[in-house]
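So the chains spell out like this:
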Amino acid sequence: MASFSVEEFIGNGVLKELLPNLLEEGWEDVPTLKVMNSEDMDSMNMTQKQKEALGIRTYLHDRGLMQYADKIEACGRSLPELLNLSTIDLSAQFDMKRGHIARFINRTRFSDPHGLQALSARRTSMSYKEDRIPKRLLSNGSNSMMRSNEYSLAEPKIKEGYVFKGIVASEPADPRACGCVQPPPVVDQVAPYSAIENISVQKLTPEYKIGMEPLVKTKTPPMKASELWRHKPAVFLCLRRPGCIMCRAEAHKLFSQKPIFDALGVQLFAVLHEHIEAEVKDFWPRYWGGVVLFDRGRDFFKALGGGNLLKEKFLTGFLLNPRAISNYKRAKNMGIHQNFKGEGEIKGGLFIVGSGKGGIAYQFIERNFGDWAPLAEVIEICTQMQNQQQG
């Protein structure tokens, strides 16, 4: 799985000399770099080789093949030329494994699955927040970004007639062991605002920017979680365990959509119920480039369960649960590494919290190990919140 470290994304090729200018102009995280269009590249005075290198690295990052980026860039071929190479050539020239070759030449399965290229192409109809936009775009009053009252939602889209699962959502629970094992119940009522208002959290990492990795060691004092959404709505991704392959996959997918959430003025936070410093360093910024919070009292996780922690044993919750096994295979196919350090029985989920005292707009519960909040639903809820605020 490709890292959200800008330094790793840029690599040691022709883009490395651009790092200072990228930082100065606000292209300071990988999801934003990946939506650069030709106009943006021209404004940075990028050479043709640099433009091609960015396109190649974006393509490889989408497919989790960044380990080949430096070697492929150095060969001097363009992306179309690379895609026309034979399997034998890819293996011989780049030492590419057979399974990775299949992923590389598959242009449809991995290509822009959530519409970030569409986001780049449609920026003229988006509402952006000034503190998240590269400076060149802010100074260009009427061209590539207009801060209007409209937002053209890129894929994934909610189709007409879509029925929401409700502000409290969870995946179905399949029969286990021929019906001999019953899945644990989940709440069907959204948590009251009072359940999260006074939660105490500690920031373990900042939002990732170029050169920020050393700051992961910086300690910050505990704070009230409500301070985080005082002025802006926020998404809180509550993770069972940062070393879990399914948790890492969900975090990576969600943070990949950062430009969309930035456009909506919505913050992204990952919440851990256990602080193991080595695990945080492995998790950030490789799988998550946003702020990581430590919920010492596990109060976000208790709120997901209606006041009690949602827990399940590995045997009944995973080995005897076909849906959990399917979730594991989905994450495994993304090429993600894992470990088994830390507590892994406390289930997580996701909250979307409105600004001020707007309350919880959406709550997703991890009923089966590895369940993800539907990304289209999360984006649509955030879009509706933005529309209500503008209205």
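Our subject is the structure listed above.
Let me sum up the structure you'll find in this document. Just so it is clear, the structure is predicted and the values come from calculations on it, not from any experiment.

## As for the packing of aromatic side chains
Here's step 1: Under the criterion given, the structure shown has 11 aromatic pairs.
Here's step 2: For the ring pair Tyr59 and Phe104, a centre distance of 5.6 Å and an interplane angle of 80 degrees mean the geometry is edge-to-face. With Tyr59 in helix α5 (residues 48-62) and Phe104 in helix α9 (residues 98-105), the pair connects residues that are 45 residues apart, well separated along the chain.
Here's step 3: What makes Phe104 buried here is its relative accessible area of 1%.
Here's step 4: Aromatic side chains Phe300 and Phe351 sit 6.0 Å apart centroid to centroid with 50 degrees between the ring planes, which places their arrangement in the tilted category. Of this pair, Phe300 sits in helix α16 (residues 299-304) while Phe351 sits in strand β7 (residues 349-353), placing them 51 residues apart in sequence. You'll find Phe300 and Phe351 in the same group, each marked buried.
Here's step 5: The cationic tip of Arg63 hangs over the ring face of Tyr59; the distance from NZ or CZ to the ring centre is 3.4 Å.

## Concerning the nonpolar core
One recurring pattern in soluble globular proteins is that nonpolar side chains are buried together.
Here's step 1: Of all hydrophobic cores here, the largest spans 81 residues; its most connected members are Ile72, Phe104, Val235, Phe261, Trp288, Leu350 and Ile352.
Here's step 2: Take this core: its biggest share by element is seven residues, from helix α13 (residues 245-255).
Here's step 3: When we break this core down by domain, the ones giving at least three residues each are domain 1 (6-105) and domain 2 (165-389).
Here's step 4: If we ignore the near neighbours within four places in the chain, the residues touching Ile72 are Ile56, Leu60, Leu82, Phe94, Met96 and Phe104.
Here's step 5: Counting residues in each nonpolar core, the second largest holds 26 residues, with Ala191, Tyr193, Trp229 and Leu310 among its members.

## Topic: the packing of helix α8 (residues 87-94) against α9
Here's step 1: Two elements in contact, α8 and α9, have axes separated by 10 Å at closest approach and are oriented at 120 degrees. In this view, α8 runs oblique relative to α9, as classed from their interaxial angle. Considering only the axes of α8 and α9, their crossing is right-handed. Residues Thr87, Leu90 and Ser91 of α8 touch α9, and the partners they reach there are Arg98, Ile101, Phe104 and Ile105.
Here's step 2: Here the residues of the contact of α8 with α9 sort into four nonpolar, two polar and one charged.

What counts and how
Residues numbered from 1 in each chain as written. Predicted model: local features only at pLDDT ≥ 70, side-chain atom pairs only at ≥ 80, totals over all residues. Heavy atoms only, no water. Phe/Tyr/Trp six-rings, centres within 6.5 Å; stacked < 30°, edge-to-face > 60°. Helix = DSSP H or I, 4+ residues; strand = E, 2+ residues; numbered from the N terminus. Buried < 20%, exposed > 50% of the residue type's maximum accessible area, 1.4 Å probe, protein only. Lys NZ or Arg CZ within 6 Å of the ring centre and 35° of its normal. Core = buried A, V, L, I, M, F, W, Y, C linked by side-chain atoms within 4.5 Å. Domains from an automatic or database assignment. Contact = heavy atoms within 4.5 Å. Axes fitted to C-alpha atoms, helices over the stretch in contact; angles between N-to-C directions. Parallel < 35°, antiparallel > 145°, perpendicular 65-115°, else oblique. Left-handed = near helix turned anticlockwise from the far one by under 90°. Nonpolar A, V, L, I, M, F, W, Y, C, P; charged D, E, K, R; others polar.

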